[in-house]
Amino acid sequence: MSEGHDDHGHGKQGFVSTYLFSFDHKMIGKQYLTLAMMMALVGGILAMLIRLQLGWPGTLWPSLETFFPTGMASGVMTPEFYVMLFTMHGTIMVFFVLSLAPVSGFGNFLIPLQIGARDMAFPFLNMLSFWTVLPGAIIILISFLVEGGAAASGWTAYPPLSAIRSAIPGSGAGQTLWIVGMVFFIASFTMGGLNFVVTILNLRTKGMKMMRLPLTTWAQFVVGVLGLLSFPALAAGAILLLFDRGLGTSFFLPAGIYIGDQLFAHEGGTPLLWQHLFWFLGHPEVYIIMLPAMGFASDIIATFSRRPIFGYRSMVYAIIAIGILSFLVWGHHMFVSGMSPFLGSVFVMTTLAIAIPSAVKTFNWLSTLWKAKIRFTTPMLFALGIVSLFVTGGLTGLFLGTNATDIQLHDTYFVVAHFHFIMAGAGLFGALAAVYYWFPKMFGRFMNEGLGKIHFWLTFLAYYGTFFPMHYLGIAGMMRRIYDPNTYDYLKPLQPVNTFITVSAFILGAAQLIFVANYFWSMAKGRKCAESNPWESNGLEWSAPSPPGHGNWEGEIPEVHRWPYDYNNPDEDREFTPQWQPARVKARG
């Protein structure tokens with residue numbers, strides 16, 4: 001095992017090479033995090049507008065016409081604008097926030113530090129991956145400004161809305177830019193995944209065996225593999241979709257499509273092909289977002305409970321099992337597509353099988369916490385929040401993974417509630433937990449603990465207030481993506497629930513402003529971190545200075561002598577024993 005590159009002692013870097021076109025994995029990780037935060041701001045504003053419409057449908061909001069003269073014409077949100085809002089909210093949050101922050105952001109920052117490498121295996125490719133996703137994000141944002149507005153076919157981009165340019169206003173230039181932006185994202189994510197896998201396999205320091213890796217790094221390793229295997233399917237689908245839109249092909253379009261009185265001359269294709277390609281990526285994408293959060297939770301829970309993580313090997317095998325099974329479950333998103341009942345039963349079994357490794361992880365977290373002397377720091381609170389959201393979302397997933405109940409709940413708000421707990425919630429809380437935990441290593445300062453706890457409790461309570469009642473809405477039959485629930489008499493009694501959800505969502509959004517203020521204020525004015533290991537943690541990254549310089553360690557890279565969860569070892573004097581501390585040689589009696 002060798003180092004990533006041995007030129008870490010080069011001369012002083014200029015502004016451009018340090019902050020813009022940096023090869024340093026830490027700076028690239030921060031660039032990803034900054035981009036994700038900016039995109040989260042956009043995605044969050046879109047979410048607030050969605051909830052504004054659902055909380056008070058048909059209400060006049062004249063002041064918003066100034067900002068959205070077309071979408072809020074005369075102060076009322078138009079249906080076309082609403083459709084665009086949830087499409088772009090989903091796209092931005094899933095791909096440009098929840099994928100970039102925990103994976104590209106913290107993966108880049110942590111992997112070399114946790115395995116004992118100077119940098120990623122391919123620093124130039126690493127830099128290139130960021131400067132590939134950035135144009136993708138800009139293209140996605142520009143799509144709001146083109147004629148007809150941004151894409152409006154849902155974040156799943158189902159044909160024919162996404163394939164016929166004149167289907168709806170957002171099917172024109174906005175949908176084309178959506179596809180181009182996603183191609184940039186896929187290219188970037190593929191480069192990043194390749195870098196992750198090669199780095200972890202080849203650049204580990206002496207003594208860092210695979211079974212001594214922190215669970216965060218194990219999660220990033222499996223995520224890298226998932227990305228390499230699943231994103232090409234979506235890339236192929238996106239290219240074929242462009243052909244259907246511009247070259248007259250019919251990969252996703254059957255014969256007999258009318259829009260208005262116009263018959264389109266397509267034949268031979270099927271929208272189901274797109275669904276297969278999309279969900280072959282779509283379900284692994286769920287775990288691409290969740291696995292890093294699980295890794296963060298494991299590292300943080302062990303640190304602040306001062307206990308070895310329970311069942312380390314079973315946790316590793318569970319991560320691998322979840323990764324493998326994620327490729328075998330995409331069909332459960334298509335139970336209502338006319339799928340053979342026998343094939344549907346196969347997907348039910350593979351989907352429910354994921355509950356086994358998921359239950360293993362939950363059991364091991366709870367066993368680690370059992371009778372522990374827990375330090376309720378802000379990162380620990382968010383880590384416990386991950387466990388709570390994961391359990392809540394996992395239990396509701398049983399209903400959606402079984403075709404008998406999924407067919408009843410399909411495309412209702414029950415689905416919205418489920419994936420906001422299991423994927424979005426775990427991903428969001430994971431990213432926030434990681435920021436609070438590794439902030440001293442990133443910037444050499446602490447975030448404000450008081451503001452952090454206020455941020456956690458407002459976020460946690462408002463998150464449940466926003467998404468838990470959606471289960472009830474879904475069971476009551478409220479459709480997802482509905483513009484005005486009061487259109488249907490049977491949904492009118494649910495309006496107070498929708499209003500309550502909207503108020504909770506506004507509190508949730510406002511709570512994030514506390515985090516943003518705390519983040520940027522602490523970068524400049526936060527309490528300085530005087531030591532390299534302020535949390536008394538065992539991971540190898542805590543042996544590097546806070547913040548680490550170029551090359552991460554000034555001298556030789558420390559050798560690893562043990563696993564990263566050696567807390568309260570009876571053979572040691574302290575309650576924590578870092579990975580780089582040699583085993584004590586006992587005197588012979």
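Below you will find a few notes about this structure. (Residues numbered from 1 in each chain as written. Predicted model: local features only at pLDDT ≥ 70, side-chain atom pairs only at ≥ 80, totals over all residues. Heavy atoms only, no water.)

Considering the overall build of the chain
Inference 1: Counting secondary structure elements, the chain contains 18 helices and two strands.
Inference 2: For 589 residues, the compact-globule estimate of 2.2 N^0.38 gives 25 Å, and the C-alpha radius of gyration of the chain, at 24 Å, lies within 12% of that figure.
Inference 3: Over its C-alpha atoms, taken along the principal directions, the chain stretches across nearly 90 × 55 × 50 Å.
Inference 4: Looking at the 589 residues of the chain, the share that counts as buried comes to 58%.
Inference 5: Considering only contacts in the chain between residues 6 or more positions apart, those separated by 24 or more positions represent 78%.
Inference 6: Total accessible area on the chain is roughly 23,100 Å²; 69% of this is exposed by carbon and sulfur atoms.
Inference 7: Computing the positive centroid from 32 side-chain charges and the negative centroid from 29, the chain places the two 11 Å apart. (Helix = DSSP H or I, 4+ residues; strand = E, 2+ residues; numbered from the N terminus. Rg over C-alpha atoms; globule rule 2.2 N^0.38 Å. Buried < 20%, exposed > 50% of the residue type's maximum accessible area, 1.4 Å probe, protein only. Contact = heavy atoms within 4.5 Å. Areas by Shrake-Rupley, 256 points an atom, 1.4 Å probe, with all protein chains shown as cover. Lys, Arg positive; Asp, Glu negative; His and termini not counted. Charge placed at Lys NZ, Arg CZ, Asp CG, Glu CD.)

With respect to helix α15 (residues 413–443)
Inference 1: Of all bends in α15, the biggest is about 50°, found at Tyr437, and the proline Pro440 comes one to four residues later.
Inference 2: The buried count for α15 comes to 29 of 31 residues, which makes it a mostly enclosed element. (Bend = angle between axes of the 7 residues up to and from the residue.)

Observations concerning the nonpolar core
Inference 1: If you look at the biggest cluster of nonpolar residues, it comprises 173 residues, and the most contacted ones within it are Phe95, Phe96, Phe106, Phe185, Leu291 and Trp365.
Inference 2: Among the elements that make up this core, the one with the highest residue count is α15 (20 residues).
Inference 3: Sequence-distant contacts of Phe95, that is, excluding residues within four places in its chain, are made with Leu100, Trp155, Met182, Phe185, Phe231, Leu281 and Glu285. (Core = buried A, V, L, I, M, F, W, Y, C linked by side-chain atoms within 4.5 Å.)

Brief notes about the environment of Gly90
Inference 1: Tracing the backbone shows Gly90 in helix α4 (residues 79–97).
Inference 2: Overall, the relative accessible area of 10% leaves Gly90 in the buried class.
Inference 3: Residues Gly90 and Pro271, 181 residues apart in the sequence, show an inter-C-alpha distance of 20 Å.

Comments concerning the environment of Met447
Inference 1: Take Met447: it is sitting in the loop between α15 and α16 (449–467).
Inference 2: Taking the C-alpha atoms as reference points, Met447 and Tyr436, separated by eleven residues in sequence, lie 6.7 Å from one another.
Inference 3: Look past the residues within four positions of Met447 in its chain and what remains in contact with it is Val435, Tyr436, Phe439, Phe515, Asn518, Tyr519 and Ser522.

Quick look at the pattern of salt bridges
Inference 1: Summed over the entire model, instances satisfying the criterion amount to nine salt bridges.
Inference 2: Note that Asp489 and Lys492 form a salt bridge whose closest N and O atoms lie 3.1 Å from each other.
Inference 3: When salt bridges that share partners are traced, they join Arg306, Arg375, Glu536 and Glu575 into one network. (Salt bridge = Lys/Arg side-chain N within 4 Å of Asp/Glu carboxyl O.)

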